[in-house]
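Here's the letter readout for the chains.
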Amino acid sequence: MSTQEAAAASEFSNSNLETMFTAEQIADRVKVLGEEITRDYQGKELVLVGVLKGSCVFMSDLMRHIDLPMDIDFMSVASYKDGTVSSGDIEILKDLTKPIRGKDVIIVEDIIDTGLTLHRLVDILGTRGANSIRIATLLDKPEPRVKKEVTVDYCGFEIPNRFVVGYGLDVAGRYRNLPFVAVVKDPDQL
Ligand code: 5GP
């Protein structure tokens, strides 16, 4: 393969992507969040609940900065949309594998947009007897949150209302493997 062909095949140096946060910036911030959680959850029964699929990269990096005994679990939910807007109704596609009664849960999300999905998820998990439920998200778009207020306890970065990919986030199943977060410059060229 020529150098030119290799560049054309590279996803990480794809010219349709504009980097918003580099891998180094993300790593530094995730380390700080892990240290905060380590301080806040001393003596608690911590369970990180990752919301699949988008949170998988953030979750695996975050937990390696939490220096405490802890457990992990995952959920997968589908959000129903009216056109492009989240309606707030969700269906559980994959539920937790263990009860969370008496546990101190942190829901780990990739990004919060309208907040509707997370609001509903907190409601659902709130009926299961957890001792506490908090939210950690890598990215937060506070601007469009006109429908539901959610309290974000641990946030990597607040971002403007732009569609981002990478570090777990996809568009049509692509770009989750990028080690950085980027904006797709031309969505017609996916
Ligand atoms: P909401 O907070 O509006 O209920 O939905 C949040 C979900 O919408 C996220 O978990 C994610 O799947 C998707 N989402 C929202 N904004 C973006 C974005 O900028 N990029 C990507 N890839 N997904 C997004």
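Please read these numbers as outputs of a predicted model, since none were measured by experiment.

Engineer: Requested: an account of the overall build of the protein, with residues and values cited.
Structural biologist: Looking only at helices and strands, the protein has four helices and nine strands in total. Counted from the first residue to the last, the protein has its helices and strands arranged as α-β-α-β-α-β-β-β-α-β-β-β-β. In the protein, buried positions account for 42% of the 190 residues. Of the accessible surface of the protein, which amounts to about 10000 Å², a share of 49% is contributed by carbon and sulfur atoms.

Engineer: Report on the site of the ligand, specifying residues and quantitative values.
Structural biologist: In the region of the ligand, 15 residues are neighbours, and Thr114, Gly115, Thr117, Val164 and Asp170 sit closest. In the model, an oxygen atom of the ligand is placed 2.6 Å from a nitrogen or oxygen of the Thr114 side chain. Within the backbone of Gly115, one N or O atom sits 2.9 Å away from an oxygen atom of the ligand. When the free accessible area of the ligand is taken as 510 Å², the share hidden by the protein chains comes to 84%. Elements with a minimum of two residues in the shell around the ligand: strand 5 (104–112) and helix 4 (116–126). The element that contributes the greatest number of residues to the shell around the ligand is strand 5, accounting for three residues.

Rules of the game
Residues numbered from 1 in each chain as written. Predicted model: local features only at pLDDT ≥ 70, side-chain atom pairs only at ≥ 80, totals over all residues. Heavy atoms only, no water. Helix = DSSP H or I, 4+ residues; strand = E, 2+ residues; numbered from the N terminus. Buried < 20%, exposed > 50% of the residue type's maximum accessible area, 1.4 Å probe, protein only. Areas by Shrake-Rupley, 256 points an atom, 1.4 Å probe, with all protein chains shown as cover. Near = heavy atom within 4 Å. Polar contact = N/O pair within 3.5 Å; in protein donor to acceptor, adjacent residues only side chain to side chain.

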